[in-house]
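Close look at the chain arrangement
Listed here are the chains, written in short residue letters.
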Amino acid sequence: MEYNSDFSHDLKIGQDEEVWLGSLLQSKTVEVKRDFKCGSTGNVFVEYESRGKPSGLGTSLADFWAFILDGQRVVIVPTEHLKRVAMVYYNQNKVVTGGDSNTSKGVLVPVKELL
């Protein structure tokens, strides 16, 4: 994008981006996850199996996943991107159990990989 110091030009760009984000959230499906340990670990838990059956990322039909990190920050990523990143960490054996009574399997993905 070409630099421009004109406020009205910048305002128009900002307003266009607001419309884009609003339409994205209205026209697509978003799976929302809250990760309570992210603040201390720097990772999000991405579930792919629960009680021996595919779940979470393995069955999601959502277009995007949104991670609420600390109640104040949200990271929204396309599901396909999350699948690619999670597979890298799955192949590195970053698999852990979690969820209710540790009956789920998931991959620990560093938040920085979502950005």
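Below is a summary of the structure that appears in this document.

A word on the overall build of the protein
From N to C terminus, the protein includes three helices and seven strands. Along the chain direction, N to C, the helices and strands of the protein fall in the order α-β-α-β-β-β-β-α-β-β. Relative to the compact-globule value of 13 Å for 115 residues, the protein shows a C-alpha radius of gyration of 17 Å, a clear excess of over 25%. Taken along its principal axes, the extent of the C-alpha atoms in the protein is 55 × 30 × 25 Å. Counting across all 115 residues of the protein, residues that qualify as buried make up 28%. When contacts within the protein are restricted to residue pairs at least 6 apart in sequence, those whose partners lie at least 24 apart make up 58%. Working note: accessible area of the protein is about 8000 Å², and carbon and sulfur atoms make up 53% of it. Separation of charge centres in the protein, based on 13 positive and 15 negative side chains, amounts to 12 Å.

Regarding the sheet that holds strand E5 (residues 74-78)
Working definition: the strands of a sheet are paired by backbone hydrogen bonds and lie parallel or antiparallel to each other. Read across the sheet, three strands follow the order E1-E4-E5 without closing on themselves; strand pairing throughout is mixed. The sheet is open, and its two borders are formed by strand E1 (30-34) and E5, each paired with just one other strand. Taken over all neighbouring pairs, the strand axes of this sheet differ in orientation by 20 degrees on average, direction set aside. Of the strand pairs in this sheet, strand E4 (residues 64-68) and E5 are connected by five bridges, and their pairing is antiparallel.

Quick notes on the pairing of E5
A one-sided burial pattern is seen for E5, the buried positions being Val75 and Val77 and the unburied ones Val74, Ile76 and Pro78. Here E4 hands over to E5 after five residues, with Gly71 in that stretch at a positive phi of 85 degrees.

With respect to the pairing of strand E2 (residues 43-50)
Judged from the seven bridges that link them, E2 and strand E7 (residues 104-110) form a sheet pairing that is antiparallel. In the sheet register, Val46 faces E7, and the bridge partner there is Val107. Relative to strand E3 (residues 53-54), E2 runs antiparallel, the two being bridged by two bridges. Counterpart to Glu49 in the pairing with E3 is Pro54. Count of turn residues in the E2/E3 antiparallel hairpin: two residues, of which Arg51 carries a positive phi of about 55 degrees.

Here we look at the pattern of salt bridges
Within the structure shown, the criterion is met by five salt bridges. Glu31 is the partner of Lys33 in a salt bridge, and the nearest nitrogen-oxygen pair spans 3.2 Å. Given a relative accessible area of 21%, Glu31 falls into the partly exposed group. In this structure, Lys83 engages Glu80 in a salt bridge whose closest nitrogen and oxygen atoms are separated by 3.9 Å. Of this pair, Lys83 and Glu80 both sit in helix H3 (residues 79-91), separated by three residues, roughly a single helical turn. For Lys83, a relative accessible area of 31% gives the class partly exposed.

Thresholds applied
- Residues numbered from 1 in each chain as written.
- Predicted model: local features only at pLDDT ≥ 70, side-chain atom pairs only at ≥ 80, totals over all residues.
- Heavy atoms only, no water.
- Helix = DSSP H or I, 4+ residues; strand = E, 2+ residues; numbered from the N terminus.
- Rg over C-alpha atoms; globule rule 2.2 N^0.38 Å.
- Buried < 20%, exposed > 50% of the residue type's maximum accessible area, 1.4 Å probe, protein only.
- Contact = heavy atoms within 4.5 Å.
- Areas by Shrake-Rupley, 256 points an atom, 1.4 Å probe, with all protein chains shown as cover.
- Lys, Arg positive; Asp, Glu negative; His and termini not counted.
- Charge placed at Lys NZ, Arg CZ, Asp CG, Glu CD.
- Pairing = 2+ DSSP bridges.
- Axes fitted to C-alpha atoms, helices over the stretch in contact; angles between N-to-C directions.
- Salt bridge = Lys/Arg side-chain N within 4 Å of Asp/Glu carboxyl O.

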